[in-house]
Amino acid sequence: QVQLVESGGGLVQAGGSLRLSCAASGSILSINAMGWYRQAPGKQRELVARITSIGSTTYADSVKGRFTISRDNAKNTAYLQMNSLKPEDTAVYYCNAGVVQMMWGGVNDYWGQGTQVTVSS
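Small disclaimer: the values here were computed from a predicted structure and weren't measured. (Residues numbered from 1 in each chain as written. Predicted model: local features only at pLDDT ≥ 70, side-chain atom pairs only at ≥ 80, totals over all residues. Heavy atoms only, no water.)

### Details of the environment of V92
Then step 1. By the secondary structure assignment, V92 is in strand 9 (residues 91-101).
Then step 2. Each C-alpha atom of the pair V92 and L20 lies 11 Å from the other, and the pair is 72 residues apart in sequence.
Then step 3. Here V92 is in contact with Y37, R38, Q39, G114, T115 and Q116, once residues within four sequence places are set aside. (Helix = DSSP H or I, 4+ residues; strand = E, 2+ residues; numbered from the N terminus. Contact = heavy atoms within 4.5 Å.)

Written as structure tokens, this is what we have:
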């Protein structure tokens, strides 16, 4: 029983910044990799950034140098700092996490409900 809740989305002008948060709660022993994905209208969901349990990061080429993923394991929370936003960044952003369940030790993949990011020109 795990829930991921994203927050921090909104409307911003091109060149501006937003910080997204993803808070995990429930029967959590630990969290493996966490990632941010996005889906724009008419497009498939794509990986934006990913961070492993030891802090290794991966970014889509389109966001390298502009976005930074981080995590706070004590809070079971991941963040996505988005700078120099462009209109093409407009999408619903989803958090994903591989959660080690407290009771039985298996790993389940969870998704948040998504948060809308809109960048105006």
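After presenting the structure, the write-up continues.
### What to know about the nonpolar core
Then step 1. Counting residues in each nonpolar core, the largest one holds 32 residues, and the members touching the most others are M34, W36, V48, F67, L80, M82 and Y93.
Then step 2. Mapped by element, the contributors of at least two residues to this core are strand 1 (2-7), strand 3 (18-26), strand 4 (28-39), strand 5 (46-51), strand 7 (67-72), strand 8 (77-82), strand 9 and strand 11 (115-120).
Then step 3. Counting residues per element, this core draws most heavily on strand 9, which supplies five residues.
Then step 4. Not counting the four nearest positions on each side in its chain, Y93 is found in contact with E6, L20, W36, Y37, R38, V48, F67, L80, M82, G114, T115 and V117. (Core = buried A, V, L, I, M, F, W, Y, C linked by side-chain atoms within 4.5 Å. Buried < 20%, exposed > 50% of the residue type's maximum accessible area, 1.4 Å probe, protein only.)

### Examining the side chain of R38
Then step 1. Summarising the element assignment, R38 is placed in strand 4.
Then step 2. You can call R38 buried: its relative accessible area is 7%.
Then step 3. Within the structure, the side chain of R38 is placed 3.4 Å from the side chain of S62, a separation counted as a polar contact.
Then step 4. Among the polar contacts listed, one links the side chain of R38 to the side chain of Y93, at a separation of 2.9 Å.
Then step 5. Ignoring any residue separated from it by four or fewer positions in sequence, one finds R38 in contact with Q44, R45, E46, V48, S62, V63, F67, E88, D89, A91, V92 and Y93. (Polar contact = N/O pair within 3.5 Å; in protein donor to acceptor, adjacent residues only side chain to side chain.)

### Comments concerning the packing of aromatic side chains
For any pair of aromatic rings, geometry is given as the distance between the ring centres together with the angle between the planes.
Then step 1. This structure, assessed with the given rule, holds one aromatic pair.
Then step 2. In this arrangement the basic side chain of R45 is found over the ring face of W111, its NZ or CZ atom lying 4.8 Å from the centre. (Phe/Tyr/Trp six-rings, centres within 6.5 Å; stacked < 30°, edge-to-face > 60°. Lys NZ or Arg CZ within 6 Å of the ring centre and 35° of its normal.)

### Looking at the sheet that holds strand 8
Then step 1. Reading across the sheet, the four strands line up as 1-3-8-7 and stay open at both edges, with antiparallel pairing between neighbours. Of all strands in the sheet, those with a lone pairing partner are strand 1 and strand 7, marking the two edges. This sheet shows a mean twist of 15 degrees between the axes of neighbouring strands, independent of strand direction. (Pairing = 2+ DSSP bridges. Axes fitted to C-alpha atoms, helices over the stretch in contact; angles between N-to-C directions.)

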